[in-house]
Amino acid sequence: MRAVPNYFLGMRLRNSPDGYGAIPKAIHWLTAAFVLVAWALGTFDDALPKGAARAGGLFVHISAGLAVLGLLLVRLLWRLADPPPQPEPTVLGAWLDRVGRVAHYALYALVIAVPIAGILLQFTRGEALPLFGISEIRSPWPADRALARTIKEVHEVLANSLVILAGVHAAAALGHHWILRDRTLMRMLPHFDRSKGPA
């Protein structure tokens, strides 16, 4: 029988005062991955050949969006049971913490708004909403092409705003690491222990 790697033996599921646990980290990185997949398929869907390939791309796009929404719900419930650690102290003081908090709230709002707009778009097209290939929810309304075009534009603006803000969030994390020299980024990377540094 193979020995369990030290990584798994030292893995902490819950947050601690010094860092994030494995569950919050997994939710964070899965959300980021699904957001990128959904955005890429939604933005470059015209590059897919019409027919099965484009329909498959739309199915994955919708599934990734629903996964983002589900992960956000899990994340919010987890935060209630397992509060995150306090922000890393920086030379810029408390105002930077407030800016970061506002940015996080904006990210949460967009993570909610983008999939909801996508769901409304699917329904205003008169199409059923597929639930990961397991089931589907029929559109409660008849197709309305004019309204669908408007919602599509809103969906695209919100999705682009989410990706831009996520990019700013990532740049800020790199700034914390390379400029401010604190451990904000490292605490969200796999298997970081404040006392030992990154594994």
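What comes next concerns the included structure. (Residues numbered from 1 in each chain as written. Predicted model: local features only at pLDDT ≥ 70, side-chain atom pairs only at ≥ 80, totals over all residues. Heavy atoms only, no water.)

**Let's talk about helix α2 (residues 22-43)**
Across its 22 residues, α2 extends 31 Å between first and last C-alpha, which sits within 8% of the 32 Å expected from 1.5 Å per residue. Among all positions in α2, only Ala22, Pro24, Lys25, Ile27, His28, Thr31, Val35 and Ala38 are buried. (Helix = DSSP H or I, 4+ residues; strand = E, 2+ residues; numbered from the N terminus. Expected span 1.5 Å × (residues − 1). Buried < 20%, exposed > 50% of the residue type's maximum accessible area, 1.4 Å probe, protein only.)

**Focus: the pattern of salt bridges**
Going through the model one piece at a time under the given rule, you end up with 2 salt bridges. Where lysine 152 meets glutamate 156, a salt bridge forms, and the shortest distance between an N and an O atom there is 3.4 Å. Of this pair, lysine 152 and glutamate 156 are both found in helix α5 (residues 145-180), 4 residues apart, which corresponds to roughly one turn of the helix. When its relative accessible area of 35% is taken as the criterion, lysine 152 is described as partly exposed. Exposure remark for glutamate 156: the relative accessible area of 36% places this residue in the partly exposed category. (Salt bridge = Lys/Arg side-chain N within 4 Å of Asp/Glu carboxyl O.)

**Quick word on the layout of surface pockets**
A water-sized probe, rolled over the atoms, reveals where empty space remains. There is about 780 Å³ of room inside the second largest pocket. Around the second largest pocket sit 33 residues that line it, and Gly42, Leu58, His61, Leu121 and His155 are the ones nearest its centre. Contributions of two or more residues to the lining of the second largest pocket are made by α2, α3 (52-81), α4 (94-124) and α5. In terms of residue count, the dominant contributor to the lining of the second largest pocket is α3 (9 residues). For the lining of the second largest pocket, the class distribution of residues is 18 nonpolar, 9 polar and 6 charged. (1 Å grid on protein atoms, 1.4 Å probe; cavity = no way out; pocket = protein on both sides within 12 Å on 5 of 7 lines; lining within 4 Å. Points joined across faces, edges and corners; volume = space filled by probe spheres on them. Nonpolar A, V, L, I, M, F, W, Y, C, P; charged D, E, K, R; others polar.)

**Some words on the packing of aromatic side chains**
If you walk through the whole model with that rule in mind, you get 2 aromatic pairs. Ring geometry for tryptophan 39 and phenylalanine 44: centres 5.9 Å apart, planes at 85°, overall edge-to-face. Its guanidinium or amino end placed over the ring of tryptophan 78, arginine 14 lies 6.0 Å from that ring's centre, counting from NZ or CZ. (Phe/Tyr/Trp six-rings, centres within 6.5 Å; stacked < 30°, edge-to-face > 60°. Lys NZ or Arg CZ within 6 Å of the ring centre and 35° of its normal.)

**As for the environment of leucine 72**
Along the chain, leucine 72 turns up in helix α3. You can call leucine 72 buried: its relative accessible area is 6%. Spatially, the C-alpha atoms of leucine 72 and isoleucine 112 are 7.7 Å apart, while their sequence positions differ by 40 residues. When residues no more than four places from it in sequence are discounted, the contact partners of leucine 72 are Tyr108, Val111 and Ile112. (Contact = heavy atoms within 4.5 Å.)

**Overview of unusual backbone geometry**
Leave glycine aside and you will find that most residues have negative phi; peptide bonds, for their part, are mostly trans. The phi angle at phenylalanine 132 is positive, at roughly 60°, despite the residue not being glycine. Tracing the backbone through its elements, the reader meets phenylalanine 132 in the loop between β1 (129-131) and β2 (135-137). The class of phenylalanine 132 is partly exposed, set by a relative accessible area of 44%.

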